[in-house]
Amino acid sequence: MVVFLWCWIGLFTVVLLPLGIAMLRGWAPKRARVRWSPARIRVQGVSALVLYVGALVPPVAELAGMPAEAADILRSATSPHLLFLSLGLQGGAALTDWFGRRAQPWTPAPMAQPRECG
């Protein structure tokens with residue numbers, strides 16, 4: 001069981017930590033940079049880091065040797081909340097981008113020139 005916990009920590013550290021830091025600094029794959037605003041990329045980075053912390057709480061609580069009741073309380077109080085916070089950040093950033101693309105600055109229609117009859 002301990003090997004699984006260390007593999008879990010290693011996998012999330014190798015994948016989510018560099019991705020979150022890179023996106024927080026503004027880096028994203030070319031396809032994402034074309035489709036997303038720079039603010040959304042940074043919010044996605046924050047979301048990845050929140051998800052990273054939420055994913056590390058259960059194995060760290062288990063490896064720390066906490067009593068079972070205390071570890072259960074810690075896991076149930078933090079992990080779901082951090083997961084939903086991460087999803088909320090991603091959804092909010094996506095909605096903000098979507099509404100930002102839909103909002104076009106209003107420009108008045110050009111004045112029509114009167115026609116001359118005859």
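Look above for the structure.
So, here is what we can say about the structure in this document. As the structure is a computational prediction, the values presented were derived from the model and not from experiment.

**What to know about a nonpolar patch on the surface**
Taken together, the side chains of Met1, Phe4 and Trp8 define a hydrophobic patch exposed on the protein surface, amounting to about 370 Å² of accessible area. In this fold, Met1 is placed in the segment before α1 (2–24).

**Comments concerning the packing of aromatic side chains**
This model, assessed by the stated rule, comprises three aromatic pairs. Between Trp8 and Phe12, the ring centres sit 4.8 Å apart and the planes meet at 40 degrees, which makes this aromatic pair tilted. Here Phe12 and Trp8 lie together in helix α1, a separation of four residues that amounts to about one turn. Accessibility expressed as a relative area gives 18% for Phe12, which makes it buried. Every member of this aromatic cluster is reached through a ring pair, and the members are Phe4, Trp8 and Phe12.

**Here's the deal with the nonpolar core**
Grouped together as the largest cluster of nonpolar side chains are seven residues: Ile9, Phe12, Leu16, Ala48, Tyr52, Ala55 and Leu56. Those elements that provide at least two residues to this core are α1 and α3 (38–63). Sort the elements by how many residues they give to this core and α3 lands first, with four residues.

**Overview of the pattern of salt bridges**
Following the criterion strictly, the structure yields three salt bridges and no others. Put simply, Arg75 and Glu62 hold a salt bridge, and the shortest N to O gap is 3.4 Å. Remark: Glu62 occurs in helix α3 and Arg75 occurs in helix α4 (residues 68–102); sequence separation between them is 13 residues. What makes Arg75 partly exposed here is its relative accessible area of 22%. On the basis of relative accessible area, Glu62 is assigned to the partly exposed category, the value being 42%. One connected set of salt bridges, linked through shared partners, spans Glu62, Asp72 and Arg75.

Definitions and cut-offs
- Residues numbered from 1 in each chain as written.
- Predicted model: local features only at pLDDT ≥ 70, side-chain atom pairs only at ≥ 80, totals over all residues.
- Heavy atoms only, no water.
- Patch = residues over 30% accessible without salt bridge, like charges linked within 9 Å, V, L, I, M, F, W, Y side chains within 5 Å.
- Areas by Shrake-Rupley, 256 points an atom, 1.4 Å probe, with all protein chains shown as cover.
- Salt bridge = Lys/Arg side-chain N within 4 Å of Asp/Glu carboxyl O.
- Helix = DSSP H or I, 4+ residues; strand = E, 2+ residues; numbered from the N terminus.
- Phe/Tyr/Trp six-rings, centres within 6.5 Å; stacked < 30°, edge-to-face > 60°.
- Buried < 20%, exposed > 50% of the residue type's maximum accessible area, 1.4 Å probe, protein only.
- Core = buried A, V, L, I, M, F, W, Y, C linked by side-chain atoms within 4.5 Å.

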